[in-house]
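# Report on the structure
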Amino acid sequence: MKKVMAVNCGSSSVKFKLYEMPEETVICSGIVERIGHDDAIFTIKYEDKKDTVIIPVKDHAVAVENVLNALIEKSIIKSLDDIKAVGHRVVQGGAYFDKSEPWNDDTYSKVESLIPLAPLHNKAHLVGYNAFKKVLPNVPQIAVFDTAFHQSMDAEDYTFPIPYEYTEKYQIRRYGAHGTSHKYLSQEGRKYLENPENDRMIICHLGSGASITATRHGKCVATSMGLTPLGGIMMNTRTGDMDPSVFYQIQAMTGKGYEEIFQEMNKKSGLLGVSGISNDSRDVENAAKNGDPRAILAIKLWARRIADYIGQYYVRLGGCDLIIFSAGIGENSSEFREAAIKNIEEALNVRLDEEANKNTNRGKEGIISLPSSKIKIVVIPTDEEVMIARDAYDICLK
Ligand code: AMP
């Protein structure tokens, strides 16, 4: 039994989960938020306890020191030597990485060179890696890329129809995101297949960021997010795909700069932008129940964009054997799932089991389609952290 830590470093946070491997037992988990402030929040969950303290945390290295000290103080580990490997989530791996890799000088410089494609995320991952290296200098670390699973796409699925020099010179193309989640779900989904040979899946990762992926034989065939997470389906605050001239027209009519409009499309659009109510699907759902017309429109629009992608991927795969719903909205909102499924019911001959749909929430897994449905529809809670821990164990310790 060996302890492995799965880590997700953001610009002002470090999220962690400590596993006993290869059993995949979660020993503890937690988060340090508001890094860089005197009142950072450190929460740690272990056994049945949850401790939260407000402490000054000047940078990521101090955050990591606090986490490791807490593990010893709370007798979760005996010494730092108990931690045998650390796996980091890395948002953008570009075309360099089609699988997880050990952190070394080459990995570091490639992740660094991709900062322009994911400025906040990749920068934070490097800071996180350095912080762990400082505190645990002899422990092997690996990078698990959100984009790696999507590297199996064909050129016609990842190339944008722009002047080709941009594709070649600047690597402007579709990379996708949430790859670790889509990979996990494609593996978990296999148990619902009647014939393992017919394994065409459409996987809907519907969190505050959301993407849909088509998979066959466990590999990504197509995915909805693009160069950045702004592309694809409509999200909580992001537009998803649109006529690109909307950007030009808003600029021409309002005089706003491209940076401001880009931020609006990332942070003020989607469910929030259309409803004008909230970036949380639960608030929009409640407003729609109370008859708010823009909340109703926002949900209809969201559902239709999802149906568009499911239809597109049904064609791309030449059929579909399993549709999976996952992440915050996909795992918890019967209403949002129902709205999306109603849009594909007739064309794809799917039948929702309304009772099962209502009862499959909050971490529950199961089938939500009727036996008469042409395609089986399931809800599977995603688990990106366990994938990170598995790769860290396989690469460093097996
Ligand atoms: P995620 O990014 O996967 O954590 O998803 C977060 C989003 O899921 C929130 O912003 C909500 O819009 C949505 N959501 C809906 N129901 C729930 C729920 N019961 N718990 C958490 N998130 C929910």
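These lines cover the structure that appears in this document, whether it is placed above or below. (Residues numbered from 1 in each chain as written. Predicted model: local features only at pLDDT ≥ 70, side-chain atom pairs only at ≥ 80, totals over all residues. Heavy atoms only, no water.)

### What about the environment of Ser-113?
For Ser-113, the location among the structural elements is in helix α2 (residues 105-113). Remark: the alpha-carbon pair of Ser-113 and Tyr-46, spanning 67 residues in sequence, is separated by 37 Å. (Helix = DSSP H or I, 4+ residues; strand = E, 2+ residues; numbered from the N terminus.)

### Some points on the site of the ligand
Neighbouring the ligand are Gly-207, Ser-208, Asn-236, Asp-280, Ser-281, Arg-282, Ala-327, Gly-328, Ile-329, Asn-332 and Arg-362. Measuring from an oxygen atom of the ligand, one finds a side-chain N or O atom of Ser-281 at 2.8 Å. Interatomic distance of 3.4 Å between a side-chain N/O atom of Arg-362 and a nitrogen atom of the ligand. A total of 490 Å² of accessible area belongs to the ligand in isolation, and the protein chains cover 68% of it. Among the elements that make up the shell around the ligand, the one with the highest residue count is helix α12 (residues 327-332) (4 residues). Classifying every residue of the shell around the ligand gives 2 nonpolar, 6 polar and 3 charged. (Near = heavy atom within 4 Å. Polar contact = N/O pair within 3.5 Å; in protein donor to acceptor, adjacent residues only side chain to side chain. Areas by Shrake-Rupley, 256 points an atom, 1.4 Å probe, with all protein chains shown as cover. Nonpolar A, V, L, I, M, F, W, Y, C, P; charged D, E, K, R; others polar.)

### A word on the sheet that holds strand β9 (residues 201-206)
Read across the sheet, 6 strands follow the order β11-β10-β9-β12-β14-β13 without closing on themselves; strand pairing throughout is mixed. With one partner strand each, in any of the chains shown, β11 (219-223) and β13 (366-367) form the two edges of the open sheet. Alignment of strand β12 (residues 322-326) against strand β14 (residues 376-379), held across 4 bridges, turns out to be parallel. Along β14, the bridge assignment pairs Ile-324 with Val-378. Against the sheet, helix α11 (residues 293-317) touches β9, β10 (210-216), β11 and β12, its axis set at about 15 degrees to β10. (Pairing = 2+ DSSP bridges. Contact = heavy atoms within 4.5 Å. Axes fitted to C-alpha atoms, helices over the stretch in contact; angles between N-to-C directions.)

Purely geometric numbers; function is a separate question.
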